Amino acid sequence: MQFVELNPVGNFDPWEQEKIDELLHQEIKGSLSNRLVFENEVIKLWDLKLLPGERLNFRRHNTNYGWVCTTGGLVITRYGNGKIDMVKLNPGDTEYFENRGKNYVNDLENIGEDTLVINILEYKESKKENRYQFSD
């Protein structure tokens, strides 16, 4: 995975007005994708599929999650703080994020020539945060 910063934090000057309007005036969803594949009391499994030129609108991240890119691809992601990154993903790239309570916002746009597929495993907040700890 390779990142190239296209725009720094705090600078919204090069942003398209429609993206700024979306960020400021539209409801920002908390789902990590448009397709929920599985859910139980502990996890959600999401399937993210973006065709060339397709974009996932801004999403709010308040949970911990990990993902794996199964296809590779080239994307642009815009963050709620103004930063814009271009990211080259390779098949098998993975990442884990601890976003619980951070209110992290970004979008994702496929600027590559091929369909992008990412599987996302979201961890729900557990009422028993210490349930995997063993006592003496």
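It should be emphasised that the depicted structure is a prediction, and the values quoted were computed from it without experimental measurement.

**Quick word on the pairing of strand β5 (residues 64-69)**
The buried fraction of β5 is high, at five of six residues. For β5 and strand β10 (residues 116-123), the ladder comprises six bridges, and the chain directions are antiparallel. Along β10, the bridge assignment pairs N64 with Y123. As judged from the four bridges shared by β5 and strand β8 (residues 94-97), these two strands associate in the antiparallel manner. Residue pairing for β8: W67 is matched across the bridge by E95.

**Some thoughts on unusual backbone geometry**
Positive phi outside glycine occurs at N103, with the angle close to 55°. Its relative accessible area of 42% is what places N103 among the partly exposed residues.

The rules behind these values
- Residues numbered from 1 in each chain as written.
- Predicted model: local features only at pLDDT ≥ 70, side-chain atom pairs only at ≥ 80, totals over all residues.
- Heavy atoms only, no water.
- Buried < 20%, exposed > 50% of the residue type's maximum accessible area, 1.4 Å probe, protein only.
- Helix = DSSP H or I, 4+ residues; strand = E, 2+ residues; numbered from the N terminus.
- Pairing = 2+ DSSP bridges.

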